[in-house]
Amino acid sequence: MNRSPSSLVRLDSCPRKTAALFAGLTLIAASGCVTKQCTEMGCTDGLSITAATANKSWAAGEYTLDLVVDGSEVSCAYSWTNTPQPGGGVFVQCSPTVSVSIQPVTRCTERSDRDSVSQSCVPIPGQFTQLLAIQGTPARVDVVARRDGAALGERSFTPGYQTSHPNGEDCGPACRQATQDWVLP
C-alpha cells in the first residue's frame, strides 16, 4: 500500500508528543530492559567498642589497652592530659587493624527552617569517650584497660554482626559491622 504525503493524518503537537512517548514506553517494556544504577559508596567490616565512665569523665594519665583479638595479642598505649586537642582528642594506631581514639562527647541541636534542616554540635566540657576500632569480624575480643598501671576494667566481647549494603542489596559491597558499649568505673 502506497500512501501519498497528502493522505497521512496530520497530528498537532500534543498528540504527536503523546504518540512518541507511548511508542518509546512500549519499546522499553517490550525489551524488558530496565537498568539499575548503583552508587559506589564503600564500607568495611569492623567492630567498634565505645568505652566510657558513668559520668563520661576521662582522667588524665598513661593508658594501656591489652587486647586478644581471636587469639592474637595487641597492645596499645597513649597519654591523656584531659585537655582536648583542637578538633577532637587523641588518636593512636595500635596495629594495622586496631586503633583507639578519645573523643569529646557532644550535644547536638537540630534546627528546621522551611525546606532545610541543619544540625550544630558542641563539645560538653570534661566529657569524653574512648573508641576502640577493630577491622574485620573477630568472633571474640578480650580487653584489659589500665590507667597508670592500675586496672580500670576487663571485658570479653562476642559481637553479633549486622550486614549492611550502603548501595542497596543488589549492589556491592556488603559489610558486616558491630558496635558494643563498655561502662568503666
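Structure's up top.
First things first, this report covers the structure right here in the doc. (Residues numbered from 1 in each chain as written. Predicted model: local features only at pLDDT ≥ 70, side-chain atom pairs only at ≥ 80, totals over all residues. Heavy atoms only, no water.)

1. Re the pairing of strand β1 (residues 46-53)
And step 1. Of all the eight residues making up β1, six are buried; the element is thus mostly covered by neighbouring parts of the structure.
And step 2. Bridge count for β1 against strand β6 (residues 116-135) is six bridges, and the pairing is antiparallel. Bridge assignment links Ser-48 to a residue of β6, and that residue is Ala-133.
And step 3. Direction of pairing for β1 relative to strand β10 (residues 175-184): parallel, over a ladder of eight bridges. Looking at β10, one finds that Ala-51 is bridged to Trp-182. (Buried < 20%, exposed > 50% of the residue type's maximum accessible area, 1.4 Å probe, protein only. Helix = DSSP H or I, 4+ residues; strand = E, 2+ residues; numbered from the N terminus. Pairing = 2+ DSSP bridges.)

2. Digging into the sheet that holds strand β8 (residues 150-157)
And step 1. Spatially, the four strands line up as an open sheet ordered β3-β2-β7-β8, and their pairing is antiparallel. The outermost strands of the open sheet, each flanked by one partner alone, are β3 (72-80) and β8. Strand-to-strand, the axes of this sheet are offset by a mean angle of 15°, without reference to chain direction.
And step 2. Note that strand β2 (residues 61-69) and strand β7 (residues 141-147) share seven bridges and pair antiparallel. Counted as the bridge partner of Val-68 is Asp-142 from β7. (Axes fitted to C-alpha atoms, helices over the stretch in contact; angles between N-to-C directions.)

3. Section: the side chain of Asn-167
And step 1. One can find Asn-167 in the loop between β9 (162-164) and β10.
And step 2. At 2.8 Å, the side chain of Asn-167 and the backbone oxygen of Gly-172 are in polar contact.
And step 3. In this structure Asn-167 touches Thr-39, Glu-40, Met-41, Gly-172 and Pro-173, once residues within four positions along its chain are discounted. (Polar contact = N/O pair within 3.5 Å; in protein donor to acceptor, adjacent residues only side chain to side chain. Contact = heavy atoms within 4.5 Å.)

4. As for the pattern of salt bridges
And step 1. In total, this model carries two salt bridges according to the counting rule given.
And step 2. When the shortest N-O distance is used, the salt bridge between Asp-66 and Arg-146 registers 2.9 Å. Taken together, the positions of Asp-66 in strand β2 and Arg-146 in strand β7 put the pair 80 residues apart, joining distant regions of the chain. (Salt bridge = Lys/Arg side-chain N within 4 Å of Asp/Glu carboxyl O.)

5. Thoughts on the nonpolar core
And step 1. Judged by nonpolar contacts, the single largest core of 30 residues is most densely connected at Trp-58, Leu-67 and Tyr-78.
And step 2. Setting aside its immediate chain neighbours within four residues, Trp-58 contacts Ala-51, Ala-52, Thr-53, Tyr-63, Tyr-78, Trp-80, Asn-82, Ile-102, Phe-128, Gln-130 and Leu-184. (Core = buried A, V, L, I, M, F, W, Y, C linked by side-chain atoms within 4.5 Å.)

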